[in-house]
Amino acid sequence: MTVYLAIAFGGSLGAVSRYWVSTKTYLWLGTEFPFGTLLVNVSGSFLMGLLAIVFSEKMNLPEELKFALLVGFLGSYTTFSTFALDGLQALNNGAYMKVVLYILLSVFGSLLGVWMGYLAARLLLR
């Protein structure tokens, strides 16, 4: 039961963090392109890569904390469903090139984020 509570707590923090980061990003860069969702997905992927290595190789943390951070926080912080909705709305508005760019940047940016997180963890844990 404590694992579920840890996930719920982490999830609530991740959801609030997602809203804060995306809102601040849209205030900074505007809403013509879904930069807020893109930043959340790429930064969340980076953190997932970093923490996956740190937790598995260097830190002996309680399982509840690992689940709270990886499943709860990052699970609700990253926004793949929002990504899909943003893409569908752009398609419905006829912004086909924007959709293609957004999909490519989101997918490859997130993969790059995870990879960079792995590399950062390896460098930090030397």
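Up top you'll find the structure we're talking about.
The present account deals with the structure reproduced in this document.

The rules we used
- Residues numbered from 1 in each chain as written.
- Predicted model: local features only at pLDDT ≥ 70, side-chain atom pairs only at ≥ 80, totals over all residues.
- Heavy atoms only, no water.
- Helix = DSSP H or I, 4+ residues; strand = E, 2+ residues; numbered from the N terminus.
- Areas by Shrake-Rupley, 256 points an atom, 1.4 Å probe, with all protein chains shown as cover.
- Lys, Arg positive; Asp, Glu negative; His and termini not counted.
- Charge placed at Lys NZ, Arg CZ, Asp CG, Glu CD.
- Core = buried A, V, L, I, M, F, W, Y, C linked by side-chain atoms within 4.5 Å.
- Buried < 20%, exposed > 50% of the residue type's maximum accessible area, 1.4 Å probe, protein only.
- Salt bridge = Lys/Arg side-chain N within 4 Å of Asp/Glu carboxyl O.
- Axes fitted to C-alpha atoms, helices over the stretch in contact; angles between N-to-C directions.
- Parallel < 35°, antiparallel > 145°, perpendicular 65-115°, else oblique.
- Left-handed = near helix turned anticlockwise from the far one by under 90°.
- Nonpolar A, V, L, I, M, F, W, Y, C, P; charged D, E, K, R; others polar.

Turning our eyes to something else, we now look at the overall build of the protein. Looking only at helices and strands, one finds five helices and zero strands in the protein. Listing each helix as α and each strand as β along the protein from the N terminus yields α-α-α-α-α. Dimensions of the protein, computed from the C-alpha atoms along their principal axes, are close to 50 × 35 × 20 Å. When the accessible surface of the protein is summed, it comes to about 7,900 Å², and 73% of that surface belongs to carbon and sulfur atoms. Distance between charge centroids for the protein: 7 Å, based on 7 positive and 5 negative side chains.

Once that is clear, we can look at the nonpolar core. Judged by nonpolar contacts, Val-21, Val-40, Leu-50, Leu-51, Ile-53, Val-54, Phe-55, Leu-61, Leu-74, Tyr-77, Ala-120 and Ala-121 together constitute the single largest core of twelve residues. If you list the elements that add at least two residues to this core, you get helix H2 (35-57), helix H3 (63-77) and helix H5 (96-124). It is H2 that contributes the most residues to this core, six residues altogether.

Here we take up the pattern of salt bridges. For the structure on display, the rule yields two salt bridges. Across the pair Arg-122 and Glu-57 runs a salt bridge, and its minimum N-O distance is 2.5 Å. One end of the pair, Arg-122, is in helix H5; the other, Glu-57, is in helix H2, with 65 residues separating them in the sequence. Note on Glu-57: relative accessible area 43%, which makes it partly exposed. A salt bridge links Glu-63 to Lys-66; the nearest nitrogen and oxygen atoms lie 3.7 Å apart. Residue Glu-63 and its partner Lys-66 are located together in helix H3, separated by three residues, close to a single helical turn. Exposure remark for Lys-66: the relative accessible area of 17% places this residue in the buried category.

What follows is about the packing of H2 against H5. At a minimum axis distance of 7 Å, the contact between H2 and H5 shows a crossing angle of 30 degrees. Overall, the two elements H2 and H5 adopt an arrangement that is roughly parallel. As H2 packs across H5, the resulting crossing turns out to be right-handed. Its residues placed into classes, the contact of H2 with H5 shows 15 nonpolar, nine polar and two charged.

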